[in-house]
Amino acid sequence: MKQKMEIIRQSIEYGLPYFFACICSGKGYGMFGFLIALLSGALMSVQGVFNTQVTKTSGIWVANAFVQFTALLVCLAAWLVTDRTSFGALWKVEPKYMLLGGAIGAVITYTVIKGMELLGPAKSVMIIVISQLIVAYLIELFGLFGVEKQPLEMRKIVGMAVAIAGIVIFKWT
């Protein structure tokens, strides 16, 4: 019984893909990260479409507030079942601007909704992903926000150029 409860706890904390990744990769966490990233991308696309549809009835700020509120409820439920870390630990975070993730999330929700409304899901997600890729690489390149600085690599620049070319081909052909 204790082992079953531990499996249930891990399923909630790490998600079901955790177990499939461990089985598939034979190594454990490498494949897990890949599957989680795939799931994240898929869910972001679906969420954007859902949120855009909700705004047709409710308005963008009501939809955004609902999204953030339901996210809060899910996070609180997961917290109750998993780690129960004290909320007081948040005040120890340095630098304090790192606590702006929720506010940034509200802006992200707004911009995803508007992007999908104006461009459609496929085009907006492609541009969002390219933007994420470029900004993430710049964060690594310059070592911003406490991330370990990485060297400039031409293959990554070429990869981004190919991705941008893909957007151009997708959008204008």
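Coordinates for the structure precede this section.
Thresholds applied
Residues numbered from 1 in each chain as written. Predicted model: local features only at pLDDT ≥ 70, side-chain atom pairs only at ≥ 80, totals over all residues. Heavy atoms only, no water. Salt bridge = Lys/Arg side-chain N within 4 Å of Asp/Glu carboxyl O. Helix = DSSP H or I, 4+ residues; strand = E, 2+ residues; numbered from the N terminus. Expected span 1.5 Å × (residues − 1). Buried < 20%, exposed > 50% of the residue type's maximum accessible area, 1.4 Å probe, protein only. Arc of directions from axis to C-beta. Contact = heavy atoms within 4.5 Å. Phe/Tyr/Trp six-rings, centres within 6.5 Å; stacked < 30°, edge-to-face > 60°.

A. Focus on the pattern of salt bridges. What the rule picks out here adds up to 4 salt bridges. A salt bridge links Glu94 to Lys96; the shortest N-O distance between them is 3.3 Å. Here Glu153 ties to Arg155 by a salt bridge, and the two come within 2.9 Å at their closest N and O atoms. When salt bridges with common partners are traced through the structure, they connect Glu153, Arg155 and Lys156 into a single cluster.

B. Inspection of helix H6 (residues 121–142) at higher detail. The end-to-end C-alpha distance of H6 is 31 Å, a good match for the 32 Å that 22 residues give at a rise of 1.5 Å each. For H6, every residue scored as buried is listed here: Ser124, Ile130, Tyr137 and Leu141. One face of H6 carries all of its buried residues, which in axial projection span an arc of 165 degrees. Here the buried face of H6 lies against helix H5 (101–119) and helix H7 (154–172).

C. Fine view of the side chain of Ser124. Summarising the element assignment, Ser124 is placed in helix H6. With relative accessibility at 3%, the residue Ser124 sits in the buried group. Leaving out residues up to four positions away in the same chain, Ser124 has contacts with Gly115, Met116 and Leu119.

D. Here's a closer look at the packing of aromatic side chains. Evaluation of the coordinates by the stated rule reveals 3 aromatic pairs. Between Trp61 and Tyr110, the ring centres sit 4.9 Å apart and the planes meet at 10 degrees, which makes this aromatic pair stacked. Highlighted residues: Trp61 in helix H4 (residues 60–81) and Tyr110 in helix H5, separated in sequence by 49 residues. Classification of Tyr110 by relative accessible area gives partly exposed; the value is 29%.

E. Main features of unusual backbone geometry. For the bond from Glu94 to Pro95, the omega torsion is -10 degrees, close enough to zero to count as cis. Within the secondary structure, Pro95 is located in the loop between H4 and H5. A positive phi angle, near 55 degrees, is found at Arg84, a position not held by glycine. Backbone geometry places Phe145, a non-glycine residue, at a positive phi of 60 degrees. Structurally, Phe145 can be placed in the loop between H6 and H7. Judged by its relative accessible area of 48%, Phe145 is partly exposed.

F. Broad picture of the side chain of Asn51. Along the chain, Asn51 turns up in helix H3 (residues 29–58). Excluding its chain neighbours within four sequence positions, the residues that come into contact with Asn51 are Ala63, Val67, Thr109 and Ile113.

G. Highlighting H5. Taking 1.5 Å per residue, 19 residues should reach 27 Å; H5 reaches 26 Å between its end C-alpha atoms and fits that length. Taken from the residues just after H5, Gly120 is the one with a positive phi, measuring 90 degrees.

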